[in-house]
Amino acid sequence: MSTTLNGQILGRTHYATRAVLERELGRLGLTFVQALLLNALAAADAPLPRAEAARRLVDAVKVPTATAHATLAELIAATLVAPLSTDVSRVALTPTGRHTQQLVAAASAEIGARLWADLSAEDLAVAARVLEVVRRRAEQTLTAV
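For the structure given in this document, a descriptive report is provided here. Note that the structure is predicted; figures quoted are calculated from it, not measured. (Residues numbered from 1 in each chain as written. Predicted model: local features only at pLDDT ≥ 70, side-chain atom pairs only at ≥ 80, totals over all residues. Heavy atoms only, no water.)

**Notes on unusual backbone geometry**
The phi dihedral of lysine 62 is positive, around 60°, even though this residue is not glycine. The topology assignment puts lysine 62 in the loop between α3 (50–61) and α4 (65–77). Relative accessible area serves as the criterion here: at 40%, lysine 62 is assigned to the partly exposed category. You will see that threonine 79, though not glycine, has its phi angle at about 60°, which is positive. Structurally, threonine 79 can be placed in the loop between α4 and β2 (81–83). (Helix = DSSP H or I, 4+ residues; strand = E, 2+ residues; numbered from the N terminus. Buried < 20%, exposed > 50% of the residue type's maximum accessible area, 1.4 Å probe, protein only.)

**Details of the pattern of salt bridges**
Enumeration over the complete set of coordinates arrives at ten salt bridges. Notably, a salt bridge pairs arginine 27 with glutamate 24, separated by 2.4 Å at the nearest N-O pair. Within this pair, arginine 27 and its partner glutamate 24 are both found in helix α1 (residues 7–27), separated by three residues, close to a single helical turn. Relative accessible area serves as the criterion here: at 60%, arginine 27 is assigned to the exposed category. Overall, glutamate 24 belongs to the partly exposed group, its relative accessible area being 24%. The salt bridge partner of arginine 55 is glutamate 52, with a shortest N-O separation of 2.6 Å. (Salt bridge = Lys/Arg side-chain N within 4 Å of Asp/Glu carboxyl O.)

**Some thoughts on the side chain of glutamine 34**
Counting through the fold element by element, glutamine 34 comes out in helix α2 (residues 32–43). Take glutamine 34: its relative accessible area is 9%, and that puts it in the buried class. Of note is the side chain of glutamine 34, whose polar atom sits 2.8 Å from the side chain of glutamate 74. Non-local contacts of glutamine 34, meaning those with residues more than four positions away in its chain, are made with Gly29, Thr71, Glu74 and Leu75. (Polar contact = N/O pair within 3.5 Å; in protein donor to acceptor, adjacent residues only side chain to side chain. Contact = heavy atoms within 4.5 Å.)

**Looking at the packing of α3 against α4**
Each pair of packed helices can be summarised by the angle the axes make with each other and by the distance between the axes. Taken N-terminus to C-terminus, the directions of α3 and α4 make an angle of 115°; their axes are 8 Å apart at the nearest point. Considering only the axes of α3 and α4, their crossing is right-handed. From α3, Arg50, Ala51, Ala54, Leu57 and Val58 reach across to α4, where they touch Thr65, Ala68, His69, Thr71, Leu72 and Ile76. Looking at the contact of α3 with α4 residue by residue, the class counts come to seven nonpolar, three polar and one charged. (Axes fitted to C-alpha atoms, helices over the stretch in contact; angles between N-to-C directions. Left-handed = near helix turned anticlockwise from the far one by under 90°. Nonpolar A, V, L, I, M, F, W, Y, C, P; charged D, E, K, R; others polar.)

**Some points on the environment of alanine 77**
Relative to the assigned elements, alanine 77 resides in helix α4. When the C-alpha positions of alanine 77 and alanine 66 are compared, they lie 16 Å apart, and in sequence the two are eleven residues distant.

Put into structure tokens, the structure is as follows:
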């Protein structure tokens, strides 16, 4: 039986793999968007302005800006992220937040290794190229006026 690559296959794959990750995130007391924001802050070279942290989440998962700011507030309330004592408009991971983000990264890596395990490097490279083209086209569609 032949399967045609289309939006339905992509969506079902996304939601299935996301559900596996969300099960692990739930054990850490995190939501998917909270984990993504922790990742964005961990990847930053320096503390980020609150607006920039929120923008990175908006860009990553296309949530409304208000949702991104609410997610940041949740992480601050959970003491995983904190405003800088010298500039409260900028935020960074706390030591607990950094540790939690490392647990998220490890769980994500383990899940990815398990789900992608028996696929050839060539198949993975082709899939990555195709998905990246589709993602860029979708981004362009969203920004087109």
